[in-house]
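This is what each chain is made of:
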Amino acid sequence: MKINLMDDAFKGSNALLVGVFEECNCVGCCDKAQGLLTQLKESGRFNGNYGEIYTVNGVGEQPREVILLGLGKEKDLNITKVQNLFGKAFKKAQELKLKALDIASFKVEGLCTFRILKAMVEGVMLANYSFDTYKAEKSKCTVEEINIDPSGLELDNEKAEKALKEGMTLAINTMLARDLVNEPSNVLTPTELSERAKAQGEKCGFEVEVFDKEKITELGMRAFLAVGQASYNEPKFIVMRYVGDPGNRDEIVGFVGKGLTFDSGGYSLKPSAGMQDMKSDMAGAAAVIGAMSSIAEMKLQVNVTAVVASCENLISGGGYKPGDIIKSMAGKTIEVANTDCEGRLTLVDAIHYIISKEKVTKVLDIATLTGAVLSALGKITTGVLANDDEFYGVLESAAKKSGEKIWRLPIFEEYKECNHSDVADLHNQGVGGAGTITAGLFLGEFVGNTPWLHLDIAGTGWANSTAECQSKGGTGVGVRTLYYIARNLSQKSCETCK
Ligand code: BES
Ligand code: MN
Ligand code: ZN
């Protein structure tokens, strides 16, 4: 599917998609059949309500098909909704078996026009995603061409081109992350994940170094190694470096992604119902690989280093066991109360490594860490812990740009007690409830004074619905938010919107 910019959507020749606000009474100059909208609204057939879709055949003198897309009330519209609306409209175009679609654009009070255009692009592209690698019958996309007319946004050509490029890059890399999450664990082993990261590095322009078991052992990452020690497929530690601001080498943003290619729970075995979804326990790794790809492709003027400690959590005679005490790379000892609390063991070595060896000045980890975040925030919102208000502010503004929802959880001193062990420095299974907070604070024990953000995507990393821009499976959550964090911290932040 190709996406282009076009001059005047109302004069185009393909089917036309027009957004209509609830409070609006015209469909631009397309409304040659005077009063079409008034008529539709009076008869109650189409009101412009949010998400409503109405198809008219042959408006005015033109025989072309027009899809009216209800935008709802202008004041209620935001970036996520714009994405979702265009995702929904795209699925309608597919259903109508359209070959090509012209899209008119519109301004929204309070929303950056640049971002609206990107959201339109992301919406249609993500709605077109499907994971059919292993199906004989591939899902066919009838829509070969999409032409977006940016004139309704009053964006000059150069800016519109840039928005199109940024939107496409982010959509492509979000889909890459979805693919990685959807790949089954027999295919996507730690080695395969590292190979895919290398391929992205070559394609997009960042350096990738992969440490094997020997090197990981040499570095002293015993907590990470303990988790992977039951498995036949060896662990890999993936380091990705992008230097976009060489004059400022002391400032490096660090991303850490959880990379369990499968989590059976180990001896603290998970129930079989739903265990298959644990191939998605590397969604954090997928997000950082997608974000690094986007950052490098857009050539952001910022330095970013990302790491993934990738392994499988399985069972065998050599596996780690409840009650084991292991020494992390940082030197702190950990009592393994539960082998299913493995994510934090892999992450603390990765966090210690990225701070002490890669010298990052800020660190963000993103992980499918706790089922508890699903109870707290469902599949809508990513749970966040932060030790630094300013860095949290950067995330908040990034999430507004990406449209991904986040919520900050409290880290009161009292919660730290929950990770207390009688026999080691830390206990890997927090007690007293608040599982998302105690798991996050466990990681927090390894960041020192470095500004740190923790994103728990156990709820948002996987979708059960095919509505709007979604498809069942990996969501690619985090790719866009992490990209915007890097962009917010870069020398040249967006000229159009801060
Ligand atoms: N990978 C899981 C968390 C998870 C749960 C991700 C559901 C995606 C969907 C993590 O390693 C885990 O097993 N956490 C346990 C911790 C518990 C035993 C304290 C959990 O949340 O159940
Ligand atoms: Mn687990
Ligand atoms: Zn896990």
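Given the structure is predicted, the values throughout are model-derived calculations rather than measurements.

Participant: Help me out: how do you make sense of the UniProt feature "binding site: Mn(2+) 2" (unreviewed entry) in the chain in this one?
Facilitator: Within this numbering scheme, the UniProt entry marks K258, D263, D281 and E342 as carrying the feature "binding site: Mn(2+) 2" (unreviewed entry). In summary, the annotated positions, though distributed over 85 residues, converge in three dimensions, the widest C-alpha pair being only 11.3 Å. By the element assignment, K258 lies in strand β9 (residues 253-263). A relative accessible area of 2% means that K258 is categorised as buried. If sequence neighbours within four positions are ignored, K258 has contacts with D281, M282, A283, G284, A285, E342, G343, L347, I366, A367, T368 and L369.

Participant: It is not clear to me how a negative patch on the surface should be interpreted in this structure. Could you clarify?
Facilitator: Together, D212, E214, E218 and E234 make up a region of like negative charge exposed at the surface. In this structure, E234 sits in the loop between α7 (222-228) and β8 (236-243).

Participant: Would you explain the site of ligand 1 in this entry?
Facilitator: Around ligand 1 sit 15 residues, and of these K270, D281, D340, E342 and G371 come closest. The side chain of K258 places a nitrogen or oxygen atom 3.2 Å from an oxygen atom of ligand 1. A distance of 2.9 Å separates an oxygen atom of ligand 1 from a polar side-chain atom of E342. When isolated, ligand 1 has an accessible area of 510 Å², and the protein chains bury 76% of it. Of the residues in the shell around ligand 1, the class split is four nonpolar, five polar and six charged.

Participant: Looking at this structure, I do not really get the domain arrangement of the chain. What am I missing?
Facilitator: Many authors give the size of an interface as the accessible area that is lost as the parts come together. Here the chain is described as being made up of domain 1 (2-151) and domain 2 (172-488). Of note, the centres of domain 1 and domain 2, computed from C-alpha atoms alone, are 37 Å apart. At the interface, 18 residues of domain 1 touch 23 residues of domain 2. For the pair domain 1 and domain 2, the summed buried surface comes to about 1800 Å²; carbon and sulfur atoms form 53% of the total.

Participant: How should the coordination of the zinc ion (ligand 3) be read in this particular structure?
Facilitator: Geometry sets the ideal angles at a metal, namely 109.5 degrees for four tetrahedral donors and 90 or 180 degrees for six octahedral donors. Protein coordination at the zinc ion (ligand 3) comes from K258 (NZ), D263 (OD), D281 (OD) and E342 (OE), with a distance range of 2.0 to 2.4 Å. Each of the six donor atoms bound to the zinc ion (ligand 3) contributes to angles spanning 77 to 173°, and the resulting shape is octahedral. The metal-metal distance between the zinc ion (ligand 3) and the manganese ion (ligand 2) is 3.2 Å, with D263 coordinating both. Placement of D263 in strand β9 and of D281 in the loop between β9 and α8 (283-297) is noted, with a sequence separation of 18 residues between them. Judged by its relative accessible area of 2%, D281 falls in the buried class.

Participant: Is there a simple way to think about the coordination of the manganese ion (ligand 2) in this case?
Facilitator: At the metal site, the manganese ion (ligand 2) is ligated by D263 (OD), D340 (O), D340 (OD) and E342 (OE), and these contacts range over 2.1 to 2.2 Å. Here the manganese ion (ligand 2) binds six donor atoms, and the angle range of 68 to 166° at the metal identifies the geometry as irregular. On the primary sequence, the residues serving as donors to the manganese ion (ligand 2) are separated as D-x76-D-x1-E. Look at E342 and you get buried, because its relative accessible area is 0%.

Participant: Hey, could you run me through helix α5 (residues 190-204) in this one?
Facilitator: One turn of the α-helix equals 3.6 residues, which is why residues spaced by three or four share an orientation. Under the 1.5 Å per step criterion, the end-to-end length of α5 is 21 Å for 15 residues, consistent within 8% with the ideal 21 Å. Residues of α5 that are buried: P190, L193, S194, A197, Q200, G201 and C204. End-on view of α5: buried residues confined to an arc of 115°, all on one side of the axis. The exposed residues of α5 that point more than 90 degrees off its buried face are E202 and K203. As for α5, its buried residues are in contact with α4 (157-182), β7 (207-211), β8, β9, α8 and β10 (303-313). G205 lies just past α5 and shows a positive phi near 100°.

Participant: Looking at this structure, how should I read the pattern of salt bridges?
Facilitator: Pairing is possible between side chains that carry opposite charge, provided their charged atoms lie close to one another. Evaluation of the coordinates by the stated rule reveals 21 salt bridges. Notably, a salt bridge pairs D76 with K75, separated by 3.4 Å at the nearest N-O pair. With a relative accessible area of 39%, D76 lands in the partly exposed category. A salt bridge links K198 to E195, with the nearest nitrogen and oxygen atoms 3.5 Å apart.

Participant: Sorry if this is basic, but what is going on with the environment of D281 here?
Facilitator: Once the C-alpha coordinates of D281 and L260 are considered, the two residues, 21 residues apart in sequence, prove to be 5.1 Å apart. Apart from the residues lying within four places of it in its own chain, the contact partners of D281 are K258, G259, L260, D263, E342 and T368. At 3.1 Å, the side chain of D281 forms a polar contact with the side chain of K258.

Participant: What exactly am I supposed to notice about empty space enclosed by the protein here?
Facilitator: Unfilled space is identified by rolling a water-sized probe across the atoms. Per the counting criterion, the structure on display carries two cavities of 30 Å³ or more. One number sums up the size of the largest cavity: a volume of about 40 Å³. T382, E404, K405, I406, L455, I457, V477, G478 and T481 are the residues that line the largest cavity. For the lining of the largest cavity, a count of residues per class yields four nonpolar, three polar and two charged. If you trace the second largest cavity, you find it lined by I79, Q83, R115, K118, A119, E122, K401, S402 and Y484. Per-element accounting of the lining of the second largest cavity gives the leading share, four residues, to helix α3 (residues 113-127). Residue composition of the lining of the second largest cavity, grouped by class: three nonpolar, two polar and four charged. Two domains each put at least three residues into the lining of the second largest cavity: domain 1 (2-151) and domain 2 (172-488).

Conventions used here
- Residues numbered from 1 in each chain as written.
- Chains lettered and ligands numbered in written order.
- Predicted model: local features only at pLDDT ≥ 70, side-chain atom pairs only at ≥ 80, totals over all residues.
- Heavy atoms only, no water.
- UniProt positions renumbered as here; feature names shortened; annotations may be inferred.
- Helix = DSSP H or I, 4+ residues; strand = E, 2+ residues; numbered from the N terminus.
- Buried < 20%, exposed > 50% of the residue type's maximum accessible area, 1.4 Å probe, protein only.
- Contact = heavy atoms within 4.5 Å.
- Patch = residues over 30% accessible without salt bridge, like charges linked within 9 Å, V, L, I, M, F, W, Y side chains within 5 Å.
- Areas by Shrake-Rupley, 256 points an atom, 1.4 Å probe, with all protein chains shown as cover.
- Salt bridge = Lys/Arg side-chain N within 4 Å of Asp/Glu carboxyl O.
- Lys, Arg positive; Asp, Glu negative; His and termini not counted.
- Charge placed at Lys NZ, Arg CZ, Asp CG, Glu CD.
- Near = heavy atom within 4 Å.
- Polar contact = N/O pair within 3.5 Å; in protein donor to acceptor, adjacent residues only side chain to side chain.
- Nonpolar A, V, L, I, M, F, W, Y, C, P; charged D, E, K, R; others polar.
- Domains from an automatic or database assignment.
- Buried area = accessible area lost by both parts, 1.4 Å probe.
- Donors = N, O, S within 2.8 Å, 3.2 Å for Na, K, Ca; no water.
- Tetrahedral: all angles 85-135°; square planar, octahedral: opposite > 155°, others 65-115°.
- Expected span 1.5 Å × (residues − 1).
- Arc of directions from axis to C-beta.
- 1 Å grid on protein atoms, 1.4 Å probe; cavity = no way out; pocket = protein on both sides within 12 Å on 5 of 7 lines; lining within 4 Å.
- Points joined across faces, edges and corners; volume = space filled by probe spheres on them.

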